[in-house]
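Residues per chain are reported as follows:
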Amino acid sequence: LLVRPVAPRFFVVDDRAQLAANISNNTDETLEVDTRLSATGLAISPETPSLQTVTIPARSETKVTWWVTISDSLQSELVFSANSGPHADASKPRLTTGPDGSLLVLRYTAPDTVATAGELASGGTRTEAIALPPDFDDRRGQLTVQLAPSLAAAMQDGLDYLEHYEYECTEQTISRFLPNILTYNALKSLDLDAPDLAARLPDLVQEGLDKLYSQQNGDGGWGWWHRPGESLSNPHISGYAVFALLKARAAGYDVRSDVIQRGLGYLQSQIKSIQNFDHFRDANRQAWLLYVLAEGQAADESSLSNLFDHRDKLGTYARAYLAQALWLTRPTDTRLNTLLSDINNATILSATGAHWEEPHHDWWAMNTDTRSTAIVLDTLAKLDPENALIPNVVRWLMVARRAGIWETTQETAWALIALTDWMVETQELHADYDFALFLNDAERASGTATPQTVRDSTTTVIPISELLRDATNALTVARTDGDGRLYYTAHLQVFQPVERIEATDRGFIVQRRYTLANCEAEDRRQCPEVREVQLGDIIRVDLTLITPHDRYYVVVEDPLPAGGEAVDTGLATTSLLAMSPRLERENTRFWWWWHWYSRSELRDSKVVLFADYLSAGTYEYSYTFRATLPGDYHVIPTTATEFYFPEVFGRSDGRLLTIAE
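Quantities reported herein were computed from a predicted structural model and do not represent experimental measurements. (Residues numbered from 1 in each chain as written. Predicted model: local features only at pLDDT ≥ 70, side-chain atom pairs only at ≥ 80, totals over all residues. Heavy atoms only, no water.)

Peer 1: Would you mind going over the sheet that holds strand S4 (residues 31-39) with me for this structure?
Peer 2: Strand pairing in a sheet takes place through backbone hydrogen bonds and is either antiparallel or parallel in direction. Strand order in the open sheet formed by 4 strands is S6-S4-S9-S10, with antiparallel pairing between adjacent strands. Because the sheet does not close on itself, it has two edges, and the strands there are strand S6 (51-56) and strand S10 (87-91). Across this sheet, the average inter-strand angle for adjacent strands is 20°, counted without regard to direction. Bridging between S4 and S6 involves 6 bridges; their strand directions are antiparallel. Pairing of Glu32 across the sheet is with Thr55, part of S6. (Pairing = 2+ DSSP bridges. Helix = DSSP H or I, 4+ residues; strand = E, 2+ residues; numbered from the N terminus. Axes fitted to C-alpha atoms, helices over the stretch in contact; angles between N-to-C directions.)

Peer 1: Hey, could you run me through the state of the cysteines in this one?
Peer 2: On inspection of all chains with the given rule, the structure shows 1 disulfide. Note on cysteine connectivity: Cys519 is disulfide-linked to Cys527, with sulfurs 2.0 Å apart. The sign of the -95° torsion about the S-S bond sets the Cys519-Cys527 disulfide as left-handed. A residue is classified by how much of its surface remains accessible, and Cys519, at 23% relative accessible area, is partly exposed. Residue classification places Cys527 among the buried residues on the basis of a relative accessible area of 2%. (Disulfide = S-S within 2.5 Å. Buried < 20%, exposed > 50% of the residue type's maximum accessible area, 1.4 Å probe, protein only.)

Peer 1: Whenever I open this one, the sheet that holds strand S25 (residues 538-547) confuses me. Can you help?
Peer 2: Strand order across the open sheet formed by 4 strands is S23-S25-S30-S27, with antiparallel pairing between neighbours. The open sheet has two edge strands, strand S23 (509-516) and strand S27 (564-566), and neither has a second partner. For this sheet, the mean inter-axis angle between neighbouring strands, taken without regard to orientation, is 35°. As paired elements, S27 and strand S30 (residues 617-627) share 3 bridges and run antiparallel to each other.

Peer 1: Would you take a moment to explain the packing of helix H8 (residues 316-329) against helix H10 (residues 369-383) for this structure?
Peer 2: The axes of two packed helices give the description: the angle between them and the distance between them. It is at 9 Å that the axes of H8 and H10 come closest, and there the two elements cross at 25°. Taken together, the axis directions place H8 and H10 in an arrangement best described as roughly parallel. By crossing handedness, the relation of H8 to H10 is classed as left-handed. Side by side, H8 and H10 meet where Thr316, Tyr317, Ala320, Tyr321, Ala323, Gln324 and Trp327 of the first sit next to Arg371, Ser372, Ile375, Val376, Asp378, Thr379, Lys382 and Leu383 of the second. (Parallel < 35°, antiparallel > 145°, perpendicular 65-115°, else oblique. Left-handed = near helix turned anticlockwise from the far one by under 90°. Contact = heavy atoms within 4.5 Å.)

Peer 1: Looking at this model, I keep getting lost on the side chain of Ser84. Mind explaining?
Peer 2: Within the secondary structure layout, Ser84 lies in strand S9 (residues 78-84). Judged by relative accessible area, which is 10%, Ser84 ranks as buried. Within the local environment of Ser84, its side chain forms a polar contact with the backbone oxygen of Glu32, the two atoms lying 2.9 Å apart. Excluding residues that lie within four positions of it along the chain, Ser84 makes contacts with Leu1, Leu31, Glu32 and Val33. (Polar contact = N/O pair within 3.5 Å; in protein donor to acceptor, adjacent residues only side chain to side chain.)

Peer 1: Even after reading the chapter, I still don't get the packing of H8 against helix H9 (residues 335-345), so can you show me in this structure?
Peer 2: At a minimum axis separation of 10 Å, H8 and H9 run at an interaxial angle of 160°. Comparing their axes, H9 and H8 come out roughly antiparallel. As H8 runs across H9, the sense of the crossing is left-handed. Each of Arg319, Ala320, Leu322, Ala323, Leu326 and Trp327 in H8 lies in contact with H9, whose residues at this interface are Arg335, Leu336, Leu339, Asp342 and Ile343. Among the residues making up the contact of H8 with H9, the classes are represented as 8 nonpolar, no polar and 3 charged. (Nonpolar A, V, L, I, M, F, W, Y, C, P; charged D, E, K, R; others polar.)

Written out as structure tokens, the structure reads:
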């Protein structure tokens, strides 16, 4: 006998599915075979009992099926067995989703995260109140608290995140090594050792420099993604590359001067007269380029003056860049007071600190309000270190982190740059105090901050099941008197039922349709949407993405149902209306475009799309999957977000899909 089971990759609680095993009789006689499904975490339907006896002719095969309902457990182990006298076999599916090859069982929930943060500059306590929602998944989710004796410790996760980021565009190549250089130099300036960082930094920097050398275009600039012979230079990315090269050279690394000079030459070619500014983004870009040129002692004073006279066109972060450019060119320039006053007047104060929000989003600059806040902090730390806002700005940046990092590589890089400069200013690495963490009066962590331990953060993870469900939880951070500061962050991740989550439009409208791939309607929109299909059917997925504004660096993720398997790795892209993009855009705010994505990835559990740039309009992406396992399945919503601006977000509805025999 030979048992070959058929099983899914994972299940969701309350899914109903059919499991199967193909039993092969390899003998020369007909056999009466007892077949059994043994499983934990599943409820086997009475219509298909666990033990079934089947007759299998000689040298043939029979399929045995079981209907199951997924119970509320963490995972399930499946064992299919067959026995007929002296002949027997058994098989346990080897799955990759659960521990030890078990079948992972998920509740139909989606995560939501809230956070708080603060600092203790002297001895005392701080208590945060934590209340759980009335309906949540008590087996998933957690409270994560990090105590950091200094900003150096708080920044370590950000440095690791950038260093090991999975994608390789030009911006991330730079962000991988630049903050590490600045942090290491800061530690050296404070007479503190960082042997681990010192050991890996030379190779990390050289790898980044070599990539920048090879990816520089003939005009001296760089593009976002490097495509030999196709990558157009991007002024913002090029400025970031030159900025990194200048900082690496200032840190003592051997940087090719010809690459820097060609880069500076490209930036100078992008400087425009104010009369040629068509948009506020042009003014912001001018401020960024002049700041980088000032770092390279190549900024033209007349251009700086011209931009200052028209500073009303600048966003807050661009005014901060202009202030640094003027300061680098002439540290005593009286115009700095005006720019700092403008920045102070634009501050938004809240219970969690102080930050800045831009009146207009500067997409091409990869800017977000968090990034603007970090750039302003860096400017204040250099130009106005006694500003009383700074501690509140630091606190706001700490709140803005999720699981120890900021939301984008640009946010993380600039936050690390700013916090490093502030760390040098405060000299907080010379710490000397004891600290502790309490949850509902029970001690959860403790430690001592000294110059030797100041780069070590303490992270405590508390399962959500250990929090009080119907009462307020008290999270208390305490420290003794002594030099230094104690920073803390607390992240509460709660999984809530998808049934309570509606489709969301915060910059994108996302829609998903399932139709049968063999529908012969001339217009695919006439094909009926399906919520029930037959085993073996090929289902076409049409994803529709609508954006009322131009978007940059977009990521779309579409989860697959557990009972389906993607079969079309070509993933064809289609336009539903074959009309001229120019003509259509003149007539409506929504228009259709061919081959709008720049990269696609087919993964085990989802399809992921990347687009460098989307003009305002409507886009469709289509692919197919095969119905491989009968049952009723919950399908997680599709999401779309901007890579550098995750607050621009859209989500479809969740759905059910029935696969029948």
